[in-house]
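Listed below, chain by chain, are the residues.
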Amino acid sequence: MEMKQPEMMNREDGGEHEKEQESQENGRLVADSVAEKGQKSCSGPGQVSNGYPSTSPQSPRDGAGAGTDRDSTPGAFRTLVVQQTSLDPPRETWSKKMDFLLSVIGYAVDLGNVWRFPYICYQNGGGAFLLPYLLMAVFGGVPLFYMELALGQFHRSGCISIWKHICPIFKGIGFAICIIALYIAFYYNTIMAWALYYLLSSFRATLPWTTCTNQWNTPNCTHYLSTDLNVSWTNYSISPAEEFYIRQVLQVHLSPGLHQLGWVSWQLALCLLFIFTVVYFSIWKGVKTSGKVVWVTATFPYLVLLILLIRGATLPGAWRGVVFYLKPDWSKLLTTTVWLDAAAQIFFSLGPGFGVLLAFASYNPFHNNCYKDALVTSSVNCLTSFLSGFVIFTVLGYMAEMRQQRVETVAKDAGPSLLFIIYAEAIANMPAATFFAIIFFLMIIMLGLDSTFAGLEGVITAMLDEFPHLLARRREWFVLGLVCVCYLGALSTLTYGGAFVVKLFEEYATGPAVITVVFLEVIAVSWFYGTTRFCNDVQLMLGFAPGVFWRVCWVAICPCFLLFIIGSFLAFPPEVRLFDYLYPFWTTVLGYCIGVSSFICVPSYMVYHLVTTKGTFKQRLLKSITPEAPGSSGPQRDTIVITNAV
């Protein structure tokens, strides 16, 4: 039997005869006055726990009635179906499934895949590092990735309002995630501003970081190209690429440290303004627009990586870099550092806990196969990291061959320096250097934009779901205000000592806080909400329940995985150094304060929720860990739809 959605319309006083005639034509009767007649609506097996109506195609129980009633004619039956209709506008969805996949891939594949994974891989035993990396991915990263996609898709909520469906007392996790996302926006986009500065500087015949005759160069600058056979490289030599990055782009030499940052660089301020302008017009309308933008920003980096891989493989000495990259050192596996680095790398690479996966999945159809999506996107992310290692180390092998040095000497720089100094210098020595410089720095910008879209969308979705009546119709203005706040917060990273601020935020403001937040998230879902209930939700969506492996990971392995990272960070705090500047002790205290400023939302909200909830302490505590009933938080109405059974 084909059932069509009944039309709800206002009617004049037309009498019952006209209504009955229309119901006979359509095969259904809309009983708007049932409540007045004393009849109660049913909420039986036709309604699922997340508030989906049983008549909606979103529910797997299509066609199942909530009850039966006999018609006046003997032997005829009518099916009573209960439909819950919200007064709020319907939730936005992705235009295409590929929009969602590309958005998730673009979020997961970021700048860290290009500079962090290759460096950590060779530092921790080369090919031997792949073993702990894969183990941490299988038992830690992918289960967390899958869990967040399933939660977001089932409850269709952002990282704040979703907790009323899971465990209300943990709602502070959502606010902490939003603050962490703001901290990331304060420094992450500055790296794209550096890349934009490089991109604009590349539109000339001779790249500016290839010569030592510029005003920012020093006497130690050594013009060293493959054709300069009479020039020797010494320990005191500084490449023009390094001086361009440090003295022209960052201007770090004008700042003695974090205690005196200096003035804002107007060139970088304009570059960052352009970046945020692109970000705003990409996300201001929601996933309908950002889902189209990622078709370019998520696919273009793979084209550039392929071009650079082919070019790097043809360079002299490329094999030296590949051997250094993959040569296994199995003794490294006996050290704790390798396993810690593998766990941290896979966690920050896949990116659970930032609210992004919850937000993206909340715009999916209810029956979308998020299990398959989790496996596909996480696999693409890991393979991209592995591919990026070849792109980087073929060029490092070439640089070592050209300088007649060991590969580890050339690869001493990590983080952005690996891209903006070593790789930029290698590009300058290639034929058609201008072309390769343009596409490379354009790729860096594209990789960063994807992650920025995702991070801000996580905050936007969370706030719009939490305050729908205030912000739902003002999305454009809210996004504009959010972007302005992010730009103003990033001004400290645009100063002469801005690179020191970027490093401080990267080390302290996000890492420990987000790992702790995700640990509490797993505990809340697995132990308070319950693995059985969560698996039943997944079965309702996908038609099959997660297996024993996933249940064990969520209950035990993932919490231990996260505790291992947290404990190692607290036991062995990193020694933060950038260039020749060693961060003093007071900056460590400042970094921990920034990290705690976001996490403090979790215990603060717990106290607030217990204080404001009515009842005895036991009643308040029980209510705080019990999911709220669907429909209790907003105005909704019930519609009784009666259809003739065939």
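Residues numbered from 1 in each chain as written. Predicted model: local features only at pLDDT ≥ 70, side-chain atom pairs only at ≥ 80, totals over all residues. Heavy atoms only, no water.

Novice: Quick one: what's the story with the overall build of the chain, residue by residue and with numbers?
Specialist: Tallying secondary structure elements over the chain gives 24 helices and six strands in all. Pairs at least 24 residues apart make up 83% of the contacts formed inside the chain by residues separated by at least 6 positions. For the chain, the accessible area works out to roughly 28800 Å², and carbon and sulfur atoms hold 62% of it. (Helix = DSSP H or I, 4+ residues; strand = E, 2+ residues; numbered from the N terminus. Contact = heavy atoms within 4.5 Å. Areas by Shrake-Rupley, 256 points an atom, 1.4 Å probe, with all protein chains shown as cover.)

Novice: Can you tell me about empty space enclosed by the protein, naming the residues and giving the values?
Specialist: Applying the stated rule across the entire model yields three cavities of 30 Å³ or more. By volume, the largest cavity is sized at about 60 Å³. Put simply, the parts of the chain that give the lining of the largest cavity at least two residues each are helix H8 (287–297) and helix H16 (433–466). Top contributing element to the lining of the largest cavity by residue count: H16, with four residues. Classifying every residue of the lining of the largest cavity by side-chain character gives five nonpolar, two polar and two charged. (1 Å grid on protein atoms, 1.4 Å probe; cavity = no way out; pocket = protein on both sides within 12 Å on 5 of 7 lines; lining within 4 Å. Points joined across faces, edges and corners; volume = space filled by probe spheres on them. Nonpolar A, V, L, I, M, F, W, Y, C, P; charged D, E, K, R; others polar.)

Novice: Pulling in residues and values, what's your account of the UniProt feature "binding site: Na(+)" (unreviewed entry) in the chain?
Specialist: UniProt feature "binding site: Na(+)" (unreviewed entry): in the numbering of this structure it lies at Gly106, Ala108, Val109, Asn113, Ser349, Asn381, Leu447, Asp450 and Ser451. These annotated residues cover 346 residues of sequence, and their C-alpha atoms all fall within 13.4 Å of one another, placing them together at a single site. In the annotated set above, the residues contributing to the lining of the largest cavity are Asp450. The contacts of Gly106, once residues within four sequence positions are left out, are Ala298, Leu447, Asp450 and Ser451. Note that Asn113 resides in helix H3 (residues 111–123). For Asn113, the residues in contact, after removing those within four places along its chain, are Ala108, Pro118, Ser349, Asn381, Ser385 and Ser388. (UniProt positions renumbered as here; feature names shortened; annotations may be inferred.)

Novice: A description of unusual backbone geometry should follow, citing residues and the corresponding values.
Specialist: We note that Gln251 has phi near 60°; this positive angle belongs to a residue other than glycine. Structurally, Gln251 can be placed in the loop between helix H6 (240–250) and helix H7 (266–283). In this structure, Phe579 takes a positive phi of about 55° despite not being glycine. Tracing the chain through its elements places Phe579 in the loop between strand E4 (577–578) and strand E5 (581–582). Overall, Phe579 belongs to the partly exposed group, its relative accessible area being 27%. (Buried < 20%, exposed > 50% of the residue type's maximum accessible area, 1.4 Å probe, protein only.)

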